[in-house]
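Topology and contacts: notes
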Amino acid sequence: MQVLSTQRSFEGSQERYRHFSTALNCEMNFSVYLPPRSGSKLPVLYWLSGLTCTDENFTNKAGAQRVAAELGIMLVVPDTSPRGEGVADAENAYDLGVGAGFYVNATQEPWSRHYRMYDYIVDELPSVIEGSFPTSNCRSISGHSMGGHGALVIALRNPHRYRAVSAFSPIANPTNSPWGKKAFSHYLGSDIERWRDYDATLLIETADRSQQLPILIDQGDADEFLAEQLKPERFIAASEAANYPVQFNMRAGYDHSYFFISTFIESHLRFHAEALRR
């Protein structure tokens, strides 16, 4: 791995790296926050960011380092898509292509050559992290918007790999969202049955009750994308029908921005810390 930057933060270290991803067939950047430690291995929280973001948005705007240092949690923040020469992109579209990987394994050309973010997050990146840093195999996952979608989907499909999952303003029912329909039709093709594996609302309907994870979702009621794109009410209804407990907070006056995330990130980190300790 190539070290891109390192800064001292709350007696720990905020670091940025580059490595070659075999899953994505390109170089990828990721950021980590290493809290101060006294010899014990660190539990890890993976954070998945939203549309147009890189690994640096959360690192620079969320203000998570102070609480992560207190709780002894390592933060791992990947990029949101493959990038670089030869990687497919869509002109004049922020919601498809570079910056909009949607955490799926694309099956359609030209996207399938690089856009395998699901495999990267589930398998390759944890292997890199656990082989290179002083971590335990205790993992949690969280994210925002497109990243909230990714976190919920990945956790519901791999409950044995994570202790808990949380999300801010997730795209909760992407098969019925303009963002999701656009991305899935390009990345996965026209067969809507193939989309089901990447829709948290549909996945929770059939989730294994013996492997239920703690789930926390925060949503702002002033979010401009709430009604058309996010649809958390569908996820909550599906979870209730499946008898799958979800802690859901509708936050009055908050929008889709990092001002919202930075306000409530501490409660999410403490939620994950409790699960990681178990």
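These lines cover the structure that appears in this document, whether it is placed above or below.

Conventions adopted
- Residues numbered from 1 in each chain as written.
- Predicted model: local features only at pLDDT ≥ 70, side-chain atom pairs only at ≥ 80, totals over all residues.
- Heavy atoms only, no water.
- Core = buried A, V, L, I, M, F, W, Y, C linked by side-chain atoms within 4.5 Å.
- Buried < 20%, exposed > 50% of the residue type's maximum accessible area, 1.4 Å probe, protein only.
- Helix = DSSP H or I, 4+ residues; strand = E, 2+ residues; numbered from the N terminus.
- Contact = heavy atoms within 4.5 Å.
- Salt bridge = Lys/Arg side-chain N within 4 Å of Asp/Glu carboxyl O.

Attention now goes to the nonpolar core. Ranked by size, the top nonpolar core spans 68 residues in total, and within it Phe 102, Ile 141, Tyr 187 and Phe 235 carry the most contacts. Here the element with the most residues in this core is helix H3 (residues 117–132); it accounts for eight residues. When residues no more than four places from it in sequence are discounted, the contact partners of Phe 235 are Leu 152, Leu 156, Ala 172, Ala 200, Thr 201, Ile 204, Ile 215, Ile 217 and Val 246. Core analysis: the second largest hydrophobic core is formed by 22 residues, Val 67, Ile 73, Leu 75 and Leu 269 among them.

This part covers the environment of Phe 248. In this fold, Phe 248 is placed in strand E9 (residues 247–251). Relative accessible area serves as the criterion here: at 28%, Phe 248 is assigned to the partly exposed category. Expressed as a C-alpha distance, the spacing of Phe 248 and Ala 275, which sit 27 residues apart in the sequence, is 17 Å. If near-sequence neighbours (up to four positions away) are discounted, Phe 248 is found in contact with Ile 217, Gln 219, Pro 232 and Ile 236.

Next up on the list: the pattern of salt bridges. Going through the model one piece at a time under the given rule, you end up with 13 salt bridges. For the salt bridge of Arg 16 with Asp 55, the shortest nitrogen-to-oxygen distance reads 2.7 Å. Within this pair, whereas Arg 16 is found in strand E2 (residues 12–21), its partner Asp 55 is found in the loop between strand E4 (42–48) and helix H1 (56–61), the two being separated by 39 residues in sequence. Asp 55 gets classed as buried once you look at its relative accessible area, which sits at 0%. Between Arg 116 and Asp 119 there is a salt bridge; the shortest N-O distance is 3.1 Å. With relative accessibility at 22%, the residue Asp 119 sits in the partly exposed group. A single salt-bridge network, built from bridges that share partners, covers Arg 66, Glu 70, Glu 266 and Arg 270.

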